[in-house]
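Letter by letter, the chains look like this.
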Number of protein chains: 2
Amino acid sequence: MMIFDFFNSINNLSPESQSALAQITIEKTYKKNEVIQNIGSRCKTVYFVKDGCARIFYYKDGNDITEHFSFEHELIVRAESLFTGKPTSKGIQAINKSTIWSIDSESLFKLYDKHHDIERLFRLLFEKEYVNTVKRIESLQFMSAKERYAELLQTTDYIQKIPLKYIASYLGITQVSLSRLRADIR
Amino acid sequence: MMIFDFFNSINNLSPESQSALAQITIEKTYKKNEVIQNIGSRCKTVYFVKDGCARIFYYKDGNDITEHFSFEHELIVRAESLFTGKPTSKGIQAINKSTIWSIDSESLFKLYDKHHDIERLFRLLFEKEYVNTVKRIESLQFMSAKERYAELLQTTDYIQKIPLKYIASYLGITQVSLSRLRADIR
DNA sequence: CAAAACATTTTACAAATGATAAATAATCAT
DNA sequence: ATGATTATTTATCATTTGTAAAATGTTTTG
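Residues numbered from 1 in each chain as written. Chains lettered and ligands numbered in written order. Predicted model: local features only at pLDDT ≥ 70, side-chain atom pairs only at ≥ 80, totals over all residues. Heavy atoms only, no water.

Draft legend 1. Inspection of the interface of chain A and chain B at higher detail. Tallying the contact residues gives 37 residues for chain A and 37 residues for chain B. Regarding the contact of chain A and chain B, the summed buried area is about 3,600 Å², with carbon and sulfur atoms giving 62% of it. Considering only the side of chain A, the residues that lose the most area to chain B are A:Tyr130, A:Gln141 and A:Phe142, jointly responsible for 21% of the buried surface there. At the boundary of chain A and chain B, one finds 10 salt bridges. For A:Arg120, the salt bridge goes to B:Asp113, with nearest N and O atoms at 2.9 Å. The interface formed by chain A and chain B includes 20 residue pairs in polar contact (both at pLDDT 80 or more). No other element matches helix H5 (residues 116-142) of chain A, which puts 18 residues into the side of chain A that touches chain B. Residues that form the side of chain A that touches chain B fall into these classes: 16 nonpolar, seven polar and 14 charged. (Contact = heavy atoms within 4.5 Å. Buried area = accessible area lost by both parts, 1.4 Å probe. Salt bridge = Lys/Arg side-chain N within 4 Å of Asp/Glu carboxyl O. Polar contact = N/O pair within 3.5 Å; in protein donor to acceptor, adjacent residues only side chain to side chain. Helix = DSSP H or I, 4+ residues; strand = E, 2+ residues; numbered from the N terminus. Nonpolar A, V, L, I, M, F, W, Y, C, P; charged D, E, K, R; others polar.)

Here it is, written out as structure tokens:
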């Protein structure tokens, strides 16, 4: 499975670890807008985007809010549930047609005991994700919406394929405000 | 060292691991406002607050911004540097007189190979920190400043001992706005 | 293709927050 | 204790962002 090229580039896995991990990894293609995990569930799956794009979303006062985007070879987990066992008010959705690798987290965490290299791999992956989250705080805390938008445009060209309404809430502003910003920039 | 009561409550350590870890752990007391780590350094230390309170801060357009507070038994690290090896534009400062445990990170990471239980302990500690960071994004992204302030007041009574100017920037607003919010609430 | 559904922009006005400056209040150092 | 320094509040005005509603543009589907 192609995902191991990516994994091995982070932390090299023994053949045994690789085959143990392969047994709990599933590849699946989702349609545009298809919900991958519903709001209210417990997060028991670690996802990676093989191809396409997905988002983590929730509702606040009836409004759909995008908390996170994941693009090619990026992780998607609802950490506040995965690492606590509590249910989460967030869901996961494919934004466009996307192929996603899924790893059952309970099985994964069991492998940690036997396969030190798997524990290390996922430690490194989550550390990276933690760093991304800290960077996102920096931008939400004191950058203007315009600065945040400009920054987001830099991250990946794929942004062009994502509806503005998702981008607006991700930036912490309304769609109307984002539209205004864009008019301003031109 | 008392820190091991705390560590063992997260993941039980073998006596060997405990003594290896004890050898790289230092306890030190800092004065009010004393800088623990300067801006611009590389983060090569994992800190825990034994007693008191510290903050992570940086300057944006000449303004002092508090990114993070840590209270009793909480971790302080500048993740964007610790996990990448890059220098950081953030510093660490004791807000009041505080006793802090420091663990040299290079030595710590070396212990991971020999002591699986230490790697696991710190994996769990950082996962917890990651979850906190995600929760902070939730609050910065779509809660009003007033809601964020109310939420912060709930977290710990120690907040009362922290200057408002630090709290304002932590909430992502100016000191003047925070003052207004407080007047409003009364 | 055309109607329906969905997405984006525009407008007008309201509310929240920022910037600056000045007035008080609290704390610190000698 | 007292003068100096630092912290907080208040006031005024400017800017940003929100809300609501309508106009325009785009995509989907029968």
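Draft legend 2. Summary view of the protein's contact with DNA strand C. Around DNA strand C, the structure places 18 residues, and the nearest of them are A:Leu164, A:Lys165, A:Ser179, B:Ser177 and B:Arg180. Counting only atoms of DNA strand C within 4 Å of the protein, the fraction found in sugar and phosphate groups is 57%. Separating a phosphate oxygen of DNA strand C from a side-chain N or O atom of A:Arg182 is a distance of 3.3 Å. Between B:Arg180 and DNA strand C, the recorded distance is 2.9 Å, taken from a side-chain N or O atom to a base nitrogen. Elements represented by at least two residues in the surface near DNA strand C include exactly helix H7 (164-171) and helix H8 (175-185) of chain A together with helix H8 (175-185) of chain B. Counting residues per element, the surface near DNA strand C draws most heavily on H8(A), which supplies six residues. Per-class residue counts for the surface near DNA strand C are seven nonpolar, five polar and six charged. (Near = heavy atom within 4 Å.)

Draft legend 3. Broad picture of the relation of the copies chain A and chain B. Note on the copies: chain A fits chain B at an RMSD of 0.0 Å, the axial shift is 0.0 Å, and the rotation between them is 180°. What we have between these two chains is a two-fold relation. The position closest to the rotation axis in chain A is occupied by the C-alpha of A:Tyr130, lying 2.6 Å away. When the interface residues of chain A are mapped onto chain B, 100% of them again lie at the interface, so the same face is used by both copies. (Least-squares fit on C-alpha atoms with pLDDT ≥ 70 in both.)

Draft legend 4. Highlighting the protein's contact with DNA strand D. Near DNA strand D there are 18 residues, and of these A:Ser177, A:Arg180, B:Leu164, B:Lys165 and B:Ser179 occur at the shortest range. Contact between DNA strand D and B:Leu164: a phosphate oxygen at 3.0 Å from a main-chain N or O atom of the residue. Here a phosphate oxygen of DNA strand D and a side-chain polar atom of B:Arg182 are 3.3 Å apart. Of all the secondary-structure elements, those providing two or more residues to the surface near DNA strand D are H8 of chain A together with helix H7 (164-171) and H8 of chain B. At six residues, H8(B) tops the list of elements feeding residues into the surface near DNA strand D. Taken together, the residues of the surface near DNA strand D break down into seven nonpolar, five polar and six charged.

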